[in-house]
Amino acid sequence: MNRKTDFTQSLDAEVLIIGAGIAGISAAYHLKKYRPNSTFIILEGRDDIGGTWSLFRYPGIRSDSDMQSFAFGFKPWTPKKTFGSAQMICDYLHETVTENGIDQYIQFGSYVTSAEFSSNEGIWTVKVKQKDQKSLVTLRSRFLLMGTGYYDYNNGYTPDFKG
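What you are looking at is a predicted structure, and each value in this text was computed from that prediction instead of being measured.

**Student:** Could you clarify how one ought to interpret the overall build of the protein in this entry?
**Tutor:** Helix and strand counts for the protein stand at 4 helices and 7 strands. In sequence order, the protein lays out its α and β elements as β-α-β-α-α-α-β-β-β-β-β. Along the longest, intermediate and shortest principal axes, the C-alpha atoms of the protein span 55 × 50 × 30 Å. Split into buried and exposed, the 163 residues of the protein put 35% on the buried side. Here the contacts in the protein between residues at least 6 apart in sequence split such that 55% fall between residues at least 24 apart. With the model as given, the accessible surface of the protein reaches about 10500 Å², and the carbon-plus-sulfur share is 51%. Positive and negative charge centroids in the protein, built from 18 and 17 side chains respectively, lie 2 Å apart.

**Student:** How do you make sense of the packing of aromatic side chains when you look at a structure like this?
**Tutor:** Under the definition given, this model contains 8 aromatic pairs. Judged by centre distance (5.2 Å) and plane angle (55°), the ring pair of Phe 117 and Trp 124 falls under tilted. A network of ring pairs unites the aromatic residues Tyr 29, Phe 72, Phe 74, Trp 77 and Tyr 92 as a single cluster.

**Student:** Is there a simple way to think about the sheet that holds strand β2 (residues 40-43) in this case?
**Tutor:** In any sheet, the strands associate via hydrogen bonds between backbone groups, in a parallel or an antiparallel arrangement. With parallel pairing, the 4 strands of this open sheet are ordered in space as β3-β2-β1-β7. Strands with a single pairing partner mark the edges of an open sheet, and in this sheet they are β3 (106-107) and β7 (143-146). Two elements, strand β1 (residues 15-18) and β7, share 4 bridges in a ladder whose sense is parallel. Bridge pairing in β7 places Ile 17 opposite Leu 145.

Here is what the cut-offs are and how they apply
All chains use their own residue numbering, which begins from 1 and follows the written sequence. Where totals are concerned, whole chains, interfaces and linings use all residues; where local detail is concerned, this predicted model gives features only for residues with pLDDT of at least 70, and gives and counts side-chain atom pairs only at 80 or more. Only hydrogens and water are removed before side-chain values are computed, so all heavy atoms of the structure are retained for them. Only DSSP runs of H or I with at least four residues qualify as helices, and only runs of E with at least two residues qualify as strands; both kinds are numbered from the N terminus onward. Only protein chains enter the accessibility calculation, which uses a 1.4 Å probe; a residue is then buried when its area is under 20% of its type maximum, exposed when over 50%, and partly exposed in between. Contacts are residue-level and defined by heavy atoms, with any inter-residue pair within 4.5 Å sufficient. In these tables, accessible area is a Shrake-Rupley quantity obtained with a 1.4 Å probe, and a residue counts as shielded only by the protein chains included in the view. All tallies of charge rest on Lys and Arg as positive and Asp and Glu as negative; His and the ends of each chain are not included. One atom stands in for each charge, and that atom is NZ of Lys, CZ of Arg, CG of Asp or CD of Glu. Each pair of aromatic rings taken from Phe, Tyr and Trp, with Trp reduced to its six-membered ring, is defined by centres within 6.5 Å and is described as stacked if the planes are under 30 degrees apart, edge-to-face if over 60, and tilted in the remaining cases. Here, strands pair whenever DSSP counts at least two bridges between them.

Written out as structure tokens, the structure reads:
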């Protein structure tokens, strides 16, 4: 088998980041800083960044971890409140994305429907449903970073209580 074939000509980006929450934003920052020649795209299924913090709107939602530990190492948390509210966290994330030029890499309304890895090529093929589009878009990348969090936002967990 010839592993020397150059498939990079057909890549849409070296790295696809799925999710524009805290993990996806952090990955994008680190790629820009430490791998400035790498190409990347952030695919976000919703119309805003922030994941959990921009989705849930119930009264009193806030971090249960101190923000000094939870915040990015490259952008310290400066508000006096140790436990940030969802709105404070979203403001912090928006500020981070804007300050670091990460916003230009985010494709909103892009929901990943499948991802397949080809061992022969060493390439991910990702199918994406874009908002208001009927057909799927196919993207190819060398690396796939999943920053989707651990919630199923479409189908929350419903426990089975007997009786």
